[in-house]
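Read off the chains here:
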Amino acid sequence: MTETDTSTATTTDGEVTDVLVVGSGIAGCAAALSAAREGAEVLLLTKATKPDDASTDWAQGGISTTRGDPDSLKSDIIDASDGTADPDAVETLVANADDAVEDVLVDTLEVAFDESEDGEFDYTREAAHSEYRILHVDAATGSHILRPFLNYVDAHEHIEVRQDTAALELITAEGRVHGVVSDERPEGHPIYAGATVLATGGVGALYGRSTNPDGATGDGIAMAALAGADVEDMEYVQFHPTAYAGDDPFLLSEALRGEGAVLRNGDGERFMTEYHPQGDLAPRDVVARAVETEREETSAVVLDVSPLEFEAEYPAIAEKCRDRGIEGDEIPVAPCEHFLCGGIAVDDRGRTSLDRLYAAGECARTGVHGANRLASTSLLEGLVWGLRAGEDAVGFDPEPVEAPELRNRDPDLPDRFAAEKFTRLTRTMDEYLGLERDPAEIARAGSVLRRLKGEVDAYVRTRTTRSLYELRNASVVALLIARAASENTESIGCHYVVDAERPPRA
C-alpha cells in the first residue's frame, strides 16, 4: 500500500489499511501501537463510545509483574490454573512481562502507579499470588491505564481510531482473512487489511450478572468461529467470588483480601480455611464455589473490610458502596461472571488458524490461564500478546476480494426483540452453564441455545442491525460454551461438574 497521511485509503468498494485492529481495550491499543511503531498504517475499530465501554476500564486490582522472580510467577500461574496452563505460553508471558510494562505503561504512558512513602512502587498481592508483585492505581487500575492509552493511540499519526463502529463479519477467501465488514452503511462497509487483529474482549453479556460491560457479547470469537478459526477451552468461564451481591453488581477487587479483608458467612464466621489451605487467598474457582455454598447454607456472605483503611486506601470502591447505601465494614458479596479463559486459539504471536488473522486479550486463548486465571494476569496478557500480535501483523499487502453482502430488505424488528431473546439466552446460561454444571442440564442448555440460534439466524439473513448481530454473536458463543462443557467430563478449574469425581485442590 502506498504510504499516506492517514491510516486508510478509499477504494470504490470500501477502504484499505495495512493493519486493522478490532477492539479498544489494552490488547487492541497495544496491537495498534506495536504495528504503528513498525511503520504500518493502522485503523482501530471499536464499538465503544467512551472508555468504560471497554472491559479494560473495569479492571480493578492491577497488573502483575515478576518483581525479579519470574519462576515464582510462573509457578503461581500454573498452580492457579489447576495445573492446566500451557508452560510455553506462561514462559512467553513471564519473559516479556516486565519489559512490556516498563516500555508501554511506565515510560510511554507514564501511568502513575501507587507508590510507598519512600517513592518506590507500592506492590500489592491478590489471591493465589505468593508474593507482593502487582502494580496498581487505587483499585481502579484499568481506567488509569486505558484512558491515557486511548488518548495516546488516538493522537498517533499512523493510527486512526473509529469509535461507535462494529465489525459484523470477517471477509475471507480460501482460508485467508482480508478484513471485515463494518456497520458504517446499512448494507455493510468493507474494510480490507493486510492483517486483522481481533481484540474484542469477553462474554459477560451472556450472563445475568457480570463484571463486564454490556457490550461484551463475544463478537470476535463468534466472527472467527463462523469463519472457521479454531477455538479452545470455551468451557472455562471464570466467576469472580466477590462481586456486590445486590442489583447493579460491581467488583470488589481481590486486592482487598490481599491486604487483609476477610470473608464471613451469615453467622459471622470465617469459613475459607475449611475449603482450602490458603483460606481467603485461595484460587478464584475455589473461593467462588465456597462463597456460593455458604450463601446457600447461611443466607449471606460478606466481605469484612474492617482490617483495612478502606475509605483512604480504596476510595473508588468505597464510593460505589456509598452509592448503593452500604454502610459499615461488611459488604454483601456473591459470585459473578468475570472472565473467559478460553477463546480463539492463538500461538505465541497471536496468530490464529486462519491466515492473516490475529487475536489478543480476552477473546484469545493463549494457554496462559488454562482452566482458571490467576488474578491480575489479564491486563498483562492483553498487553504482551497485543504487542506481539501487532508487530507480527505488519508487512502484508491488503488484497480486496468480494465481501459478504449484508441484506437489509425486511422491516425493522420490534425494539424489544433482541432484548427479549437476550434475556432467554442469559437465563439459560445462568441456570445451566454457571458456577456448577450438571451433564443433563448442559445438554438441556445446548438444545435451548440451538433453537435460539436458529431463530436469530433467520432474522440476520434479511436484516442488518448491530443489536441483532450482537445477539447472533452471543448465541454462537453460548453454543460454543455449551458444546465444550458437554465434551469435558472432567471437573477441573472453573469448569465444575457436580456429579464428576473431583480431587481436592491442595
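Scroll up to find the structure.
Summary of the structure given here. (Residues numbered from 1 in each chain as written. Predicted model: local features only at pLDDT ≥ 70, side-chain atom pairs only at ≥ 80, totals over all residues. Heavy atoms only, no water.)

**Some remarks on the overall build of the chain**
- When helices and strands are counted, the chain shows 14 helices and 17 strands.
- On C-alpha atoms alone, the chain measures out to a radius of gyration of 22 Å, which is about the 23 Å that the 2.2 N^0.38 rule sets for 506 residues.
- By principal-axis analysis of the C-alpha atoms, the chain measures approximately 70 × 55 × 40 Å.
- For the chain, buried positions account for 59% of its 506 residues.
- Taking the contacts inside the chain whose residues are at least 6 apart along the sequence as the reference set, 73% of them involve residues at least 24 apart. (Helix = DSSP H or I, 4+ residues; strand = E, 2+ residues; numbered from the N terminus. Rg over C-alpha atoms; globule rule 2.2 N^0.38 Å. Buried < 20%, exposed > 50% of the residue type's maximum accessible area, 1.4 Å probe, protein only. Contact = heavy atoms within 4.5 Å.)

**Focus on the side chain of Thr165**
- Position of Thr165 among the secondary structure elements: in the loop between strand E6 (159–162) and strand E7 (167–173).
- Thr165 has contacts with Leu45, Thr46, Lys47, Ser182, Asp183, Glu184 and Arg466, leaving out every residue within four places of it along the chain.

**Points about the pattern of salt bridges**
- Per the stated rule, a full pass over the model turns up 33 salt bridges.
- Glu15 is the partner of Arg162 in a salt bridge, and the nearest nitrogen-oxygen pair spans 2.8 Å. Placement of Arg162 in strand E6 and of Glu15 in strand E2 (residues 15–22) is noted, with a sequence separation of 147 residues between them. Exposure class is identical for Arg162 and Glu15. Each is buried.
- A salt bridge links Arg162 to Glu160; its shortest N-O distance comes to 2.9 Å.
- The class of Arg162 is buried, set by a relative accessible area of 13%.
- We classify Glu160 as partly exposed; its relative accessible area is 25%.
- Salt bridges sharing partners connect three or more residues here, namely Glu15, Glu160, Arg162 and Glu184. (Salt bridge = Lys/Arg side-chain N within 4 Å of Asp/Glu carboxyl O.)

**Here's the deal with the nonpolar core**
- Counting 124 residues, the largest nonpolar core has Leu105, Phe149, Leu198, Leu206, Leu383 and Leu433 as the members making the most contacts within it.
- Discounting chain neighbours no more than four positions away, the residues touching Leu206 are Ala216, Thr217, Leu425, Thr426, Met429, Ala474, Val477, Ala478 and Ile481.
- Core analysis: the next-biggest nonpolar cluster, separate from the first, contains 27 residues, Phe250, Ala255, Ala282 and Tyr314 among them. (Core = buried A, V, L, I, M, F, W, Y, C linked by side-chain atoms within 4.5 Å.)

**Regarding the sheet that holds strand E13 (residues 301–304)**
- Judged by pairing direction, the sheet is antiparallel, and its 4 strands sit side by side in the order E11-E14-E13-E12 without closing on themselves. In this open sheet, the two edge strands, each paired with only one partner strand, are strand E11 (237–244) and strand E12 (262–265). If you compare each strand with its neighbour and ignore which way they point, the axes differ by 45° on average.
- Relative to the sheet, helix H8 (residues 284–298) contacts E11, E12, E13 and strand E14 (330–340), its axis offset from that of E14 by approximately 135°. (Pairing = 2+ DSSP bridges. Axes fitted to C-alpha atoms, helices over the stretch in contact; angles between N-to-C directions.)

**So, empty space enclosed by the protein**
- All told, the structure shown has 1 cavity of 30 Å³ or more when counted by the stated rule.
- In this structure, the largest cavity encloses a volume near 40 Å³.
- Taken together, Lys47, Ala166, Ala167, Leu168, Asp219, Arg466, Tyr469, Glu470 and Asn473 form the lining of the largest cavity.
- Listing elements by their share of the lining of the largest cavity, those giving two or more residues are E7 and helix H14 (466–487). (1 Å grid on protein atoms, 1.4 Å probe; cavity = no way out; pocket = protein on both sides within 12 Å on 5 of 7 lines; lining within 4 Å. Points joined across faces, edges and corners; volume = space filled by probe spheres on them.)

**Section: the environment of Arg270**
- When you line up the elements, Arg270 lands in the loop between E12 and H8.
- Sequence-wise, Arg270 and Asp280 are 10 residues apart; in three dimensions their C-alpha atoms are separated by 8.8 Å.
- Those residues within four positions of Arg270 in sequence are excluded, and the remaining contacts are Val262, Leu263, Arg264 and Asp280.

**Some points on the packing of aromatic side chains**
- Overall, the coordinates contain 6 aromatic pairs when judged by the stated rule.
- For the ring pair Phe271 and Tyr275, a centre distance of 6.2 Å and an interplane angle of 85° mean the geometry is edge-to-face.
- A residue is classified by how much of its surface remains accessible, and Tyr275, at 31% relative accessible area, is partly exposed.
- What links up through ring pairs into an aromatic cluster is the set Phe113, Phe121 and Tyr123.
- It is Arg373 that lies over the ring of Phe339; its NZ or CZ is 4.3 Å from the centre. (Phe/Tyr/Trp six-rings, centres within 6.5 Å; stacked < 30°, edge-to-face > 60°. Lys NZ or Arg CZ within 6 Å of the ring centre and 35° of its normal.)

**So, helix H4 (residues 87–108)**
- Its 22 residues place the ends of H4 30 Å apart at the C-alpha level, agreeing with the 32 Å of an ideal helix rising 1.5 Å per residue.
- Along H4, the sharpest change in direction is near 45° and occurs at Ala97.
- Taken as a whole, H4 has its buried residues at Ala89, Val90, Thr92, Leu93, Val94, Ala97, Ala100, Val101, Val104 and Leu105.
- Those residues of H4 that are buried lie in contact with helix H1 (26–37), strand E4 (63–64), helix H3 (70–80), strand E5 (134–135), helix H5 (141–155) and helix H11 (378–392).
- Two or three places before Asp88, at the start of H4, stands the capping residue Asp86, its side-chain oxygen 2.9 Å from that residue's backbone nitrogen. (Expected span 1.5 Å × (residues − 1). Bend = angle between axes of the 7 residues up to and from the residue. Polar contact = N/O pair within 3.5 Å; in protein donor to acceptor, adjacent residues only side chain to side chain.)

**With respect to the pairing of strand E3 (residues 42–45)**
- Of the two faces of E3, the one carrying Val42 and Leu44 and the one carrying Leu43 and Leu45 are both buried.
- Examined bridge by bridge, E2 and E3 share 4 bridges and lie parallel to one another. Residue pairing across strands places Val21 opposite Leu44, the latter belonging to E3.
- The pairing of E3 with E6 spans 4 bridges and is classified as parallel. When the bridges of E6 are listed, Val42 appears paired with Ile159.

**So, the sheet that holds strand E17 (residues 364–365)**
- Here 3 strands make up an open sheet; going across it, the order is E10-E15-E17 and the pairing mixed. At either end of the open sheet lies a strand with only one pairing partner, and these are strand E10 (231–232) and E17.
- In terms of strand pairing, strand E15 (residues 343–345) meets E17 through 2 bridges, oriented parallel. Bridging from a neighbouring strand, Ile344 pairs with Ala364 of E17.
- Contacting E10 and E15, helix H6 (residues 219–226) runs over the sheet at an angle of about 45° to E15.

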